[in-house]
Amino acid sequence: MKAAVISFPGSNRERDIMMALERAGARPALVWHGDAEIADTDLIVVPGGFSYGDYLRCGAMAAHSPVMKAVNEKSARGTPVLGVCNGFQILIEAGLLPGALMRNASLRFVCRQVHLRVEDSQSVFTNAYEKGQVIRVPVAHGEGNYTADPDTLKKLEDRGLVAFRYVSPEGKTDPDANPNGSTDAIAGIFNDSKTVLGLMPHPEDATDPHAGGTDGLGMFKSLVNALH
Amino acid sequence: MIPNSKITDEVVKEHGLTQDEYALLLKIMDREPTLAELGIFSVMWSEHCSYKSSRVWLKTFPVSGPKVLQGPGENAGAVDIGDGLAAVFKIESHNHPSFIEPYQGAATGVGGILRDVFTMGARPIANLNALRFGDPKHPKTKHLVSGVVAGIGGYGNCIGVPTVAGETNFHPSYNGNILVNAMTVGLARADRIFKAAARGPGNRVLYVGAKTGRDGIHGATMASAEFTEESEAKRPTVQVGDPFTEKLLLEACLELMAEDAIVAIQDMGAAGLTSSSVEMAARGGLGIELNLDHVPVRETGMTAYEIMLSESQERMLLVVKPGAEKIAERIFAKWELDCADIGVVTETGHLVVKKNGQTEIDIPVAPLVDQSPLYRRPHVPSPRRPVIKAANTKAAEPIAALKKLMGCPDLASKRWIWDQYDHLVGNDTIQTPGGDAAVVRVRDTRKALAMVVDCTPRYCVADPKTGGAQAVVETWRNLTAVGAEPIAITDNLNFGNPERPEIMGQIVGCIEGMGEACRALDYPVISGNVSLYNETNGQGILPTPVVGGVGLIDEYTKTVGLGLSKPGLTLIVIGETKGWLGASLYLREIAGWEEGAPPPIDLKLERKTGDLVRGLVRSGKAAACHDVSDGGLLVAIAEMALAGGIGAKLDAPPAGIPVHAWWFGEDQARYVVATDDPAGVLEAAKAAKVPTRRLGESASRSLTLEGGGAISLDELRAIHEGWLPKYMS
């Protein structure tokens, strides 16, 4: 499986996600934000970081860079797109996913291990997990507080487009287990066709038994399973 | 033509120069200086840049060793870690600016130390910090903690370098002078370490990075004076950081370094364009001529004085090989950064600065640097404190004392702080904050680097020499506890006003103790920083010589943490417990008594004990390991229990030692090891002639003391984790 990892000025987790893709057996390649085209690829990844310093709204500048036109076109033709953390923010700003990510309810950056419940295991991103499975992966962000208008939230729930929720280790939603105040403990969402996934946590930083465990590896294995 | 100016006594004083120093300047210049020239002498001869009070003593540190590739004197030090790689590291203070403007002060402190490391050609892989704040009850403390932590996080998180370890303490002596010491560790190819000596007359001097503004003018001079009530009016001397630009600068510099283009590179830190150009010229024994008309500026009408002294952040000065200007231009254009040809290396030995066709500055570089003032300031030794007998101290019930200690500001969990630092970016953090030392993997190898910062100021004030040695030794123990071979240190000497003999006595004593410990442990000093004048209205801080240590782990899967991860492990204390309570945390927090001589340090014993413990960790005999420091044995065990989520059932203390002294004494050279193989551990210790004693076993979800009560981990955790979030809310 070939994966194109988009690098913006200020991206800083592109190496992390390339390591995770390699561990799952994929072949990742970096694509510079100024490139107007993306070569033949099975997957597009928009990694975490602080694109353009996040000095405007997070992701707002990157969403208008030349490469995002190509991402939009590929996505429209069905190429799966994964956005992690700042990548999630960029996909929302680019209109590929609904809603908004606000400052964490604590008003502080938060980096810690959290537990996620896999809400859907029927996607290219999550097929290696069981529905309802609880996984432990880290978050590291200042603006991950997901919100949307009531109609959008209803649609996400009704159509099963919530991919992950922040839960306790036992799998229950709980305000203490929600690191940023996201509505309905939403940690990640799909687009209508489940070909685009955006999430705040970092499954790529949980792919090594000696550095944070391997609960995140399932996402990359899912992609390799589905797209090899 | 040098424009005329009137340099009055008042102007000289405003520039922080004494009459004697000004007389020396006149001798060097052989004429009255221009204002811009005076400004240059002022910053170059400031304590911050010239180390004029500490230099004679810093020379006594051991700075070489088989692994040292670069000792003090460059932007950062470097050691060989095998596989053709070098670890490059340094610590630096940003104390004064952080007190005046905590967010920007701390943020630019991180930015500055990152630049020092990547200037050497190293990609930063980790940040650490050592913080000291005033009394939690002081009205400013909370605001300062909040701003400093947000600033450190704001910069490190954005640039994408994990902040993996640190320490945070509180004491009233820091009420008017907080300490913010930031350390960066990077990795470079051992054969591609970049230095700052200008070479090759005719080579061009390039300015790259952010534009120059009026921020931070005279920051170095501010950092070399005591604070008074008016200091907060100095906010304009604090710089503003832009981590996004620094990220671009980092990537652009590393990309350029991969080409055969750079002769010398120096970051523009304290004293900006002045110190970078002077130091490059001085190290190369050459001159530099600059044309300020080509310096990218963000404000109009800036004078030569302002441009030369600005401390705008995220800037670098390069000397490039002939014809390499084009390569640099292309790479910096790609990263959307300024790259300007502002001058040339010359044979004159002078720093010549022109603006609008006029020569504004013409200073001979060698005397500016070599004849900078050097003081052997008078010093008196700190008064000896009496040895306090444990039997003469208040005997508190152990569980009650443990609760108080685990929730006191110095020992309470700092999770509220490190939660705000991205400590995982890079995907190589093997051991996260909260342990003895952080461990970060060396990408594409089986190796890892262990790293830590430490200092125990209450020992340093009680006995500077012992305290200085202890700071070095504690980092050595922390690295050892995770199975690392300690390699070298960087140091950040934070003290009060060196013009006071009793403060100078602390400086001299601490340096002596540090040097002695470094020599005994083959643990040289490869870089460092001195921050003096940490005083407000004549009140100095506790002497705080912070030590940053780095060690090497050959096989990253073999490191251990401190957590008790399962029941049934035997807990053994390695090293002898006599119950030393002088200058201990117990004495301060439980008895309210900041007195007594600190625990003595036996360097031979430290080495023998540490070598044993490292062997136990590396051979897999230790399932968990923790050095015994602040708060003594029971605190160490409690920290191990909380880290792993498993409690312990502990044996009664031996006869002949007061119970509170056994549990809370701070005797040095001790570690607690948890093991599946107690016989193997005891045998190895016996062979090494190191005393040991069984403490008990890991068990259940509480700490139970035979004949001394019990406490559940849930209760202990609530106390330990509760203090800081509650204080900050």
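Residues numbered from 1 in each chain as written. Chains lettered and ligands numbered in written order. Predicted model: local features only at pLDDT ≥ 70, side-chain atom pairs only at ≥ 80, totals over all residues. Heavy atoms only, no water.

### Remarks on the overall build of chain B
Applicable threshold: Note on conventions: DSSP H or I runs of at least 4 residues are helices, E runs of at least 2 residues are strands, and numbering of each starts at the N terminus. In this description the radius of gyration comes from C-alpha coordinates, and the expected globular size is given by 2.2 Å times residues to the power 0.38. Any two residues whose heavy atoms approach within 4.5 Å at even a single point are treated as in contact.
Of the regular secondary structure elements, chain B holds 25 helices and 28 strands. In terms of overall size, chain B behaves like a compact globule, its C-alpha atoms giving a radius of gyration of 26 Å where 729 residues would be expected to give roughly 27 Å. Dimensions of chain B, computed from C-alpha atoms along their principal axes, come out at roughly 85 × 50 × 45 Å. Pairs at least 24 apart in sequence give 85% of the contacts found in chain B among residues at least 6 apart.

### Concerning the overall build of chain A
Note the following rule: For every residue, the accessible area obtained with a 1.4 Å probe (protein chains only) is divided by the maximum for its type, and the residue is called buried under 20%, exposed over 50%, and partly exposed between those limits. Asp and Glu are treated as the negative residues and Lys and Arg as the positive ones, with His and the ends of the chain left uncounted. Note on charges: their place is set at NZ of Lys, CZ of Arg, CG of Asp or CD of Glu.
Each helix and strand counted, chain A has five helices and 11 strands in total. Considered along the principal axes of its C-alpha atoms, chain A spans approximately 45 × 35 × 35 Å. Counting all 228 residues of chain A, 62% fall into the buried class. Within chain A, residue pairs in contact and separated by at least 24 positions form 75% of the contacts whose partners lie at least 6 positions apart. Charge centroids of chain A, computed over 22 positive and 27 negative side chains, lie 1 Å from each other.

### Focus: the sheet that holds strand β2 (residues 27-32) of chain A
As a general point, the strands of a sheet are linked pairwise by backbone hydrogen bonds and lie either parallel or antiparallel. All names here are of chain A. Note the following rule: Here, any two strands with at least 2 DSSP bridges between them count as paired. What counts as an axis is a line fitted to C-alpha atoms, over the stretch in contact for a helix, and the angles between N-to-C directions run from 0 to 180 degrees.
Pairing is mixed across the open sheet formed by nine strands, whose spatial order is β2-β1-β3-β4-β11-β10-β9-β6-β7. The outermost strands of the open sheet, each flanked by one partner alone, are β2 and β7 (134-141). Each strand axis lies, on average, 25 degrees off the axis of its neighbour in the sheet, ignoring direction. As paired elements, strand β9 (residues 162-167) and strand β10 (residues 186-190) share three bridges and run antiparallel to each other.

### Quick notes on the confidence of the model for chain B
Worth spelling out the cut-off: Confidence of the predictor at the level of single residues is given by pLDDT, which spans 0 to 100.
Chain-level statistics for chain B give a pLDDT mean of 95 and a share of 97% at 70 or above. At the level of chain-chain contacts, confidence expressed as ipTM amounts to 0.97, with global pTM at 0.96.

### Description of the nonpolar core
Here is the rule: Here, the term nonpolar core denotes a set of buried Ala, Val, Leu, Ile, Met, Phe, Trp, Tyr and Cys residues that are joined through side-chain atoms within 4.5 Å.
Formed by 123 residues in total, the largest nonpolar core has its most connected members in A:Leu82, A:Tyr146, A:Phe164 and B:Phe332. For this core, the element with the highest residue contribution is helix α10 (residues 243-257) of chain B, accounting for nine residues. Residues B:Val453, B:Met514, B:Ala622 and B:Ala685 belong to the second largest nonpolar core, which totals 86 residues.

### Quick word on the pairing of strand β3 (residues 43-46) of chain A
Residues and elements named next belong to chain A. So the rule is basically this: A clockwise course of the path from the first strand over the helix to the second, judged with the strands pointing away from the viewer, identifies a crossover as right-handed.
Side-chain alternation along β3 places Leu43 and Val45 on one buried face and Ile44 and Val46 on a second face that is also buried. In the sheet, strand β1 (residues 2-7) pairs with β3 via three bridges, with the strands oriented parallel. Its bridge partner lying in β3, Ala3 is registered against Leu43. You can see the chain leave β3, run along helix α2 (residues 66-76) and come back into strand β4 (residues 81-84), and the turn it takes is right-handed.

### Considering the interface of chain A and chain B
The line we're drawing: By definition, the buried area sums, over both parts, the 1.4 Å-probe accessible area that each loses when the two are put together. For salt bridges, the criterion is a side-chain nitrogen of Lys or Arg within 4 Å of an Asp or Glu carboxyl oxygen. Whenever a nitrogen or oxygen atom comes within 3.5 Å of another N or O atom, the pair is scored as a polar contact, on the condition that within protein one atom can donate a hydrogen and the other can accept it, and that pairs from neighbouring residues in sequence are kept only if both atoms are in side chains. Each residue gets one label: Ala, Val, Leu, Ile, Met, Phe, Trp, Tyr, Cys and Pro are nonpolar, Asp, Glu, Lys and Arg are charged, and the others, such as Gly, are polar.
With 29 residues of chain A in contact, the opposing surface of chain B contributes 31 residues. Roughly 2400 Å² is buried in total at the junction of chain A and chain B, and carbon and sulfur atoms are behind 56% of that figure. The three residues of chain A that bury the most area against chain B are A:Phe109, A:Cys111 and A:His210, which together make up 23% of that side's buried surface. On inspection of chain A and its partner chain B, the count reaches three salt bridges. Linking B:Asp419 and A:Arg112 is a salt bridge whose minimum nitrogen-to-oxygen distance equals 3.3 Å. Along the contact surface separating chain A from chain B lie 10 residue pairs in polar contact (both at pLDDT 80 or more). If you list the elements that add at least two residues to the side of chain A that touches chain B, you get α1 (14-23), β6 (110-118) and β7 of chain A. Among the residues making up the side of chain A that touches chain B, the classes are represented as 12 nonpolar, eight polar and nine charged.

### Focus on helix α22 (residues 632-644) of chain B
Residues and elements named next belong to chain B. Put simply, the rule reads: What a helix is expected to span follows from its residue count: subtract one and scale by 1.5 Å.
Taking 1.5 Å of rise per residue, 13 residues should cover 18 Å, and α22 covers 19 Å from first to last C-alpha, within 8% of that figure. Of all 13 residues making up α22, 10 are buried, and the element is well covered by its neighbours. Looking only at α22, the buried set comprises Gly632, Leu633, Leu634, Val635, Ala636, Ile637, Ala638, Met640, Ala641 and Leu642. Note on α22: the residue one or two positions beyond its end, Gly645, has a positive phi of about 80 degrees.

### Considering the pattern of salt bridges
When the charged atoms of two side chains with opposite charge come close together, those side chains can pair. All names here are of chain B. A full pass over the atoms with the stated rule returns 60 salt bridges over all chains. For Arg204, the salt bridge is made with Asp341, and the minimal N-O distance between the two is 2.9 Å. Placement of the pair is Arg204 in strand β7 (residues 204-209) and Asp341 in strand β11 (residues 338-346), with a sequence separation of 137 residues. For Lys326, the salt bridge is made with Glu329, and the minimal N-O distance between the two is 4.0 Å. Placement of both Lys326 and Glu329 in helix α13 (residues 325-334) is noted, with a separation of three residues, approximately one turn of the helix. Judged by its relative accessible area of 59%, Lys326 falls in the exposed class.

### Brief notes about the side chain of B:Glu74
Residue and element names in this part refer to chain B. As for its placement among the helices and strands, Glu74 is situated in the loop between β1 (68-70) and β2 (77-80). Classification of Glu74 by relative accessible area gives buried; the value is 14%. Among the polar contacts listed, one links the side chain of Glu74 to the backbone nitrogen of Ala196, at a separation of 3.2 Å. Other than its neighbours up to four places away in sequence, Glu74 contacts Met120, Lys195, Ala196 and Arg283.

### Considerations on the packing of helix α15 (residues 398-406) of chain B against helix α25 (residues 713-728) of chain B
Residues and elements named next belong to chain B. Two elements in contact, α15 and α25, have axes separated by 8 Å at closest approach and are oriented at 35 degrees. Between α15 and α25, the contacting residues are Leu402, Lys403 and Met406 on the first element and Glu715, Leu716, Ile719 and His720 on the second. Here the residues of the contact of α15 with α25 are counted per class, giving four nonpolar, one polar and two charged.

### Focus on the packing of aromatic side chains
Convention followed: In this analysis, rings of Phe, Tyr and Trp, with Trp reduced to its six-membered ring, are considered paired at centre separations within 6.5 Å, and the interplanar angle assigns stacked below 30 degrees, edge-to-face beyond 60, and tilted for intermediate values. For a Lys NZ or an Arg CZ to count as sitting over a ring, it must be within 6 Å of the ring centre and within 35 degrees of the ring normal.
According to the stated counting rule, one finds 11 aromatic pairs over all chains in the structure shown. Plain terms: the ring middles of A:Trp32 and B:Trp335 are 4.9 Å apart, the flat faces sit at 75 degrees to each other, and that makes the pair edge-to-face. Of this pair, A:Trp32 sits in strand β2 while B:Trp335 sits in the loop between α13 and β11, on two different chains. Using a relative accessible area of 11% as the deciding quantity, one classes B:Trp335 as buried. Here A:Phe88 and A:Tyr146 contribute two aromatic rings whose centre-to-centre distance is 6.1 Å and whose plane-to-plane angle is 10 degrees, an arrangement assigned as stacked. On the criterion of sequence distance, the pair formed by A:Phe88 in helix α3 (residues 86-93) and A:Tyr146 in strand β8 (residues 145-147) is long-range, its members being 58 residues apart. In this structure, A:Phe88 and A:Tyr146 share a single accessibility class: buried. In this arrangement the basic side chain of B:Lys334 is found over the ring face of A:Trp32, its NZ or CZ atom lying 4.9 Å from the centre. For the cation-ring pair, B:Arg441 lies above B:Tyr556, with the distance from its terminal atom to the ring centre recorded as 4.8 Å.

### Comments concerning α25(B)
Residues and elements named next belong to chain B. Going by this rule: Working definition for bend: take the seven residues up to and ending at a residue and the seven starting at it, fit an axis to each, and measure the angle between the axes.
Along its 16 residues, α25 runs 23 Å from first to last C-alpha, staying within 8% of the 22 Å computed at 1.5 Å per residue. Bending of α25 peaks at approximately 45 degrees at the position of Gly722, with proline Pro725 no more than four residues after it. The set of residues buried in α25 consists of Leu713, Leu716, His720, Glu721, Trp723, Leu724, Tyr727 and Met728.

### Considering unusual backbone geometry
Residues and elements named next belong to chain B. Phi angles above zero are rare outside glycine, and Glu314 is one such case at about 60 degrees. A relative accessible area of 2% means that Glu314 is categorised as buried. Of note, the phi angle at Asn427 is positive, near 65 degrees, even though the residue is not glycine. A residue is classified by how much of its surface remains accessible, and Asn427, at 2% relative accessible area, is buried.

### Quick look at the pairing of strand β12 (residues 350-355) of chain B
Residue and element names in this part refer to chain B. Of the pairings in the sheet, the one linking strand β9 (residues 287-291) to β12 comprises four bridges and is parallel in character. Note that in β12 the partner of Asn291 across the bridge is Lys354. Where β12 meets strand β13 (residues 358-364), six bridges bridge the pair, whose relative direction is antiparallel. Its bridge partner lying in β13, Lys354 is registered against Thr359. Counted along the chain from β12 to the antiparallel partner β13, the turn is two residues long, and its residue Asn356 has a positive phi close to 50 degrees.

### Focus: the environment of B:Met302
Residue and element names in this part refer to chain B. Relative to the helices and strands, Met302 is located in the loop between β9 and α12 (304-309). Its relative accessible area of 4% is what places Met302 among the buried residues. Each residue touching Met302, except ones within four places of it in the same chain, is listed here: Thr212, Gly213, Arg214, Val297, Ile307 and Lys355.

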